[in-house]
Amino acid sequence: LKQQQTEEVVQELECTRIWNPRQYPRWLAFEVEQQLQIRPEQFKAVDQLLKNSRGSVIQLNMGSGKTRVMLPMLILERCHQQCKLVRINVLPSILQEALLFYQQSLVASVQHTKLFTLPFVRDNEIDECTVKILD
């Protein structure tokens, strides 16, 4: 166990920023508030998704920071680019945890990002009246 912890500490100490904080100042504020550093592989994945916003899919390992680092990076950048409304879909199994984290890290922070939840279950019957209400 100590060997693994030592390797993790060394990995953190050797981590260097490969993105420009002047280009992404919201990410810098996010790093400071969350007391973390965006890793190069996290930046590369988010950069790929930002550059190819139409139909881009990437596969990431469990524990690579998808929910707590990369998704907030995408939200922050998309909210302040051309589109003001960003929709994310979260699995029901992690919805409450993700919602709590995003409220703390994006809403109750210097980011002041608004967050709304619109729960939807695919099993719901949708008729024409419901569609009109949702429209």
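Notes on the structure follow. (Residues numbered from 1 in each chain as written. Predicted model: local features only at pLDDT ≥ 70, side-chain atom pairs only at ≥ 80, totals over all residues. Heavy atoms only, no water.)

Of all the 14 residues making up helix α4 (residues 66-79), ten are buried; the element is thus mostly covered by neighbouring parts of the structure. Where α4 is concerned, the buried positions are V69, M70, P72, M73, L74, I75, L76, E77, R78 and C79. Its buried side turned inward, α4 meets α2 (25-34), α3 (40-51) and α5 (95-107). (Buried < 20%, exposed > 50% of the residue type's maximum accessible area, 1.4 Å probe, protein only. Helix = DSSP H or I, 4+ residues; strand = E, 2+ residues; numbered from the N terminus. Contact = heavy atoms within 4.5 Å.)

Running from N to C, α4 and α5 point in directions that differ by 55°, and their axes come no closer than 11 Å. It follows from the interaxial angle that α4 and α5 lie oblique. Crossing of α4 over α5 shows right-handed handedness. Contacts between α4 and α5 involve T67, R68, L71, P72, I75 and L76 on the former and, on the latter, E97, A98, F101, Y102 and L106. Looking at the contact of α4 with α5 residue by residue, the classes come out as eight nonpolar, one polar and two charged. (Axes fitted to C-alpha atoms, helices over the stretch in contact; angles between N-to-C directions. Parallel < 35°, antiparallel > 145°, perpendicular 65-115°, else oblique. Left-handed = near helix turned anticlockwise from the far one by under 90°. Nonpolar A, V, L, I, M, F, W, Y, C, P; charged D, E, K, R; others polar.)

A few words on the pattern of salt bridges. Counted under the stated rule, the structure contains four salt bridges. R17 is the salt-bridge partner of E31, the closest N and O atoms lying 2.4 Å from each other. Here the residue E31 occupies a position in helix α2, and R17 occupies one in the loop between α1 (2-14) and α2, the gap between them amounting to 14 residues. Between D47 and K51 there is a salt bridge, with its nearest N and O atoms 3.0 Å apart. On the criterion of helical spacing, the pair formed by D47 and K51 is a turn pair, its members being four residues apart in helix α3. (Salt bridge = Lys/Arg side-chain N within 4 Å of Asp/Glu carboxyl O.)

A few words now on the packing of aromatic side chains. If you walk through the whole model with that rule in mind, you get six aromatic pairs. Centre to centre, the rings of Y24 and F43 are 6.2 Å apart; their planes meet at 65°, and the pair counts as edge-to-face. Taken together, the residues Y24 in the loop between α1 and α2 and F43 in helix α3 connect sequence positions 19 residues apart. The same class applies to Y24 and to F43, which are both buried. Taken together, a centroid distance of 6.1 Å and an interplanar angle of 75° make the contact between W27 and F43 edge-to-face. Taken together, the residues W27 in helix α2 and F43 in helix α3 connect sequence positions 16 residues apart. For the pair W27 and F43, a shared accessibility class is recorded, and that class is buried. Taken together, the ring pairs in this structure connect W19, Y24, W27 and F43 into an aromatic cluster. Residue placement shows R17 over the ring face of W19; its charged tip is 5.0 Å from the ring centre. (Phe/Tyr/Trp six-rings, centres within 6.5 Å; stacked < 30°, edge-to-face > 60°. Lys NZ or Arg CZ within 6 Å of the ring centre and 35° of its normal.)

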